[in-house]
Amino acid sequence: MSTHDRREFLSKSMALGLEPLVAGTALHSAELVVESVPAQQAPAEFFDGFKREQIKTSGATINTVYGGKGSPLLLLHGIPETHVLWRKVAPLLAQDYFLVMPDLRGYGHSSKPPGGTDHFGYSKRAMAQD
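Keep in mind the model is a prediction, meaning the values are calculated, not measured.

**Q** Describe the confidence of the model for the protein chain, and please don't skip the residues or the numbers.
**A** Keep in mind that low pLDDT regions are not for reading the predicted coordinates in detail. On average, residues of the protein chain score 79 in pLDDT, and 66% of them are at 70 or above. This model gives residues 16-41 a pLDDT under 50, and the stretch forms 32 contacts once residues within four places in sequence are excluded.

**Q** Could you give an account of the environment of K112, naming the residues involved and the relevant values?
**A** Note on placement: K112 falls in the loop between strand 4 (97-102) and helix 3 (124-129). Relative accessible area serves as the criterion here: at 52%, K112 is assigned to the exposed category. In sequence terms K112 and Y122 are 10 residues apart; their C-alpha atoms lie 9.3 Å from each other. Discounting chain neighbours no more than four positions away, the residues touching K112 are G106, Y107 and Y122. A polar contact of 2.8 Å, which involves the side chain of K112, links it to the backbone oxygen of G108. Polar side-chain contacts of K112 include one of 2.8 Å to the backbone oxygen of S110.

**Q** How would you sum up the sheet that holds strand 4? Please name residues and give values.
**A** With mixed pairing, 4 strands are arranged side by side in an open sheet as 1-2-4-3. Two strands in the sheet have a free side with no partner beyond their single neighbour: strand 1 (51-56) and strand 3 (71-74). On average, each strand axis in the sheet is inclined to that of its neighbour by 25 degrees, with strand direction left out of account. Pairing between strand 1 and strand 2 (residues 61-68): 6 bridges, direction antiparallel. Following the sheet pairing, R52 is matched in strand 2 by V65.

**Q** So what's going on with the environment of E81? Residues and values would help.
**A** Within the secondary structure, E81 sits in the loop between strand 3 and helix 2 (90-93). E81 sits in the buried class, given a relative accessible area of 18%. Spatially, the C-alpha atom of E81 lies 8.0 Å from that of G108, the residues being 27 residues apart in sequence.

**Q** Describe in detail the pattern of salt bridges, supporting the description with residues and values.
**A** Here the idea is simple: oppositely charged side chains can pair when their charged atoms come close. Within the structure shown, the criterion is met by 1 salt bridge. The residue R105 makes a salt bridge to D130 at a minimum N-O spacing of 2.7 Å. Placement of the pair is R105 in the loop between strand 4 and helix 3 and D130 in the segment after helix 3, with a sequence separation of 25 residues. In this structure R105 comes out as buried when scored by relative accessible area, which is 7%. For D130, a relative accessible area of 26% gives the class partly exposed.

Procedures and definitions
- Residues numbered from 1 in each chain as written.
- Predicted model: local features only at pLDDT ≥ 70, side-chain atom pairs only at ≥ 80, totals over all residues.
- Heavy atoms only, no water.
- pLDDT = per-residue confidence, 0-100.
- Contact = heavy atoms within 4.5 Å.
- Helix = DSSP H or I, 4+ residues; strand = E, 2+ residues; numbered from the N terminus.
- Buried < 20%, exposed > 50% of the residue type's maximum accessible area, 1.4 Å probe, protein only.
- Polar contact = N/O pair within 3.5 Å; in protein donor to acceptor, adjacent residues only side chain to side chain.
- Pairing = 2+ DSSP bridges.
- Axes fitted to C-alpha atoms, helices over the stretch in contact; angles between N-to-C directions.
- Salt bridge = Lys/Arg side-chain N within 4 Å of Asp/Glu carboxyl O.

This is how it looks when you write it as structure tokens:
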């Protein structure tokens, strides 16, 4: 499967998976196109009403956008995305959930610490520690 085919598959599968979340709203699955927007081009209006914070952990500084009401819901982006991935569904989810949307270390506006010779700095264990 080529890179283009994988991206198209993931794009379509994510849109279908999000469709139940927006059922009964003005959004339709055809409008749920998953696309990357570089972090430096992410305007504040993508997350109007949400707060932004840089959270210092033991290994990195994590860029985080959060807000909403209700039970907490952590939204982690895939690779090579950023928190901006959630911009279209965040306003809808925030009606029922308190959303936390960080950029993983090395992505978006989060810090990019050295990986080390064995790349442990970017292991799932290191990212989970953040």
